[in-house]
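Coordinates in review
The chain contents come next:
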Amino acid sequence: MARESSKKKADKSKPPSIAVLVDNEHEAIQVWYPYLRFQESGCNVTVVGSGPKPSFSSMNGYPIKAERNIENVSPKDLHALIIPGGWGAYHLRINEPVRELVRSTDAAGRVVASCTHGGWVLASVGDLRGRAATANRALRDDMKNVDLGDLALIPVASAQALF
């Protein structure tokens, strides 16, 4: 979600820090795939739960342990924030601490990325004018209502290319 001109270059002396947000009914593959790929790229990846629960269940009932609580995460600790899809994105979009973390991470010039229904969170947080974003086709109206225009297809790059 961060505007290209406002992105701050990360400190190359330490590995990038990535947070993956989770709530119940997340799409497991959209949590685990970025988690593992970024980890393989040398990033420090943390599963951040939307509340104080110790674990959250995917849409298929697979649990994932939250390593941190949303209340204990600051944008200054992050290089990027990943918002997975699934119905969990609906829970994330109405959670004010999640919305505030997304807003403040964007304001800090960090990367904010979403998968499929994770775009709900971006639409709920606000202004997407001039931004490139991805979302599930079902969210087209949500995204247009925040002045995004047409959804863009963005190729996935290696983690190091993002920072």
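Just so it is clear, the model here is predicted, and its values are computed rather than measured.

This part covers the overall build of the chain. In terms of regular secondary structure, the chain is built from 6 helices and 7 strands. Of all 163 residues assigned to the chain, the portion counted as buried reaches 48%. In the chain, the proportion of contacts linking residues at least 24 apart, taken out of those at least 6 apart, comes to 65%. Of the roughly 8,400 Å² of accessible surface on the chain, a fraction of 52% belongs to carbon and sulfur atoms.

Let us now look at the packing of aromatic side chains. Applying the stated criterion to the full structure yields 3 aromatic pairs. Here W32 and Y35 contribute two aromatic rings whose centre-to-centre distance is 5.4 Å and whose plane-to-plane angle is 75°, an arrangement assigned as edge-to-face. In this pair, W32 and Y35 are both assigned in helix α1 (residues 28–40), 3 residues apart and thus about one turn of the helix distant. Residue W32 is classed as partly exposed on the basis of its relative accessible area of 36%.

Along the chain, the position of T46 falls in strand β2 (residues 44–49). T46 sits in the buried class, given a relative accessible area of 19%. Here T46 is in contact with I18, A19, V20, Y35, E67 and R68, once residues within four sequence places are set aside.

To continue, consider a nonpolar patch on the surface. On the surface, a nonpolar cluster with roughly 430 Å² of combined accessible area is contributed by M59, W87, Y90 and I94. Mapped onto the secondary structure, W87 falls in the loop between β6 (80–83) and α2 (88–93).

On to unusual backbone geometry. One non-glycine residue, E25, lies in positive phi territory at about 70°. Following the sequence through the fold, E25 ends up in the loop between β1 (17–22) and α1. For E25, a relative accessible area of 36% puts it in the partly exposed group. Not every positive phi belongs to a glycine, and T116 is a case in point at roughly 35°. As for its placement among the helices and strands, T116 is situated in the loop between β7 (111–114) and α4 (119–125).

For the chain, per-residue confidence averages 83 on the pLDDT scale, and residues scoring 70 or more make up 75% of the total. Confidence drops under pLDDT 50 across residues 2–6; counting only partners more than four residues distant or on other chains, this segment forms 11 contacts. Between residues 153–160, whose pLDDT stays under 50, and residues either more than four places distant or in other chains, the model counts 9 contacts.

Core analysis: the biggest nonpolar cluster contains 16 residues, and L21, L81, I83, V98, V102 and V121 have the highest contact counts within it. The set of elements that each furnish at least two residues to this core consists of β1, β6, α3 (96–107) and α4. With near-sequence residues (within four places) excluded, V98 lies in contact with L21, S50, I70, L92 and V121.

Right, let's talk about the sheet that holds β1 for a bit. Within the open sheet, the 5 strands sit side by side as β5-β2-β1-β6-β7. Their pairing is parallel. Whereas interior strands pair on both sides, the edge strands pair on one side only; in this sheet they are β5 (68–69) and β7. Summarising the sheet, β2 and β5 pair through 2 bridges and their orientation is parallel. Pairing of V48 across the sheet is with R68, part of β5. Packing against the sheet, α1 makes contact with β1, β2 and β6, and its axis sits at approximately 155° to β2.

Each value, and the rule that gives it
Residues numbered from 1 in each chain as written. Predicted model: local features only at pLDDT ≥ 70, side-chain atom pairs only at ≥ 80, totals over all residues. Heavy atoms only, no water. Helix = DSSP H or I, 4+ residues; strand = E, 2+ residues; numbered from the N terminus. Buried < 20%, exposed > 50% of the residue type's maximum accessible area, 1.4 Å probe, protein only. Contact = heavy atoms within 4.5 Å. Areas by Shrake-Rupley, 256 points an atom, 1.4 Å probe, with all protein chains shown as cover. Phe/Tyr/Trp six-rings, centres within 6.5 Å; stacked < 30°, edge-to-face > 60°. Patch = residues over 30% accessible without salt bridge, like charges linked within 9 Å, V, L, I, M, F, W, Y side chains within 5 Å. Salt bridge = Lys/Arg side-chain N within 4 Å of Asp/Glu carboxyl O. pLDDT = per-residue confidence, 0-100. Core = buried A, V, L, I, M, F, W, Y, C linked by side-chain atoms within 4.5 Å. Pairing = 2+ DSSP bridges. Axes fitted to C-alpha atoms, helices over the stretch in contact; angles between N-to-C directions.

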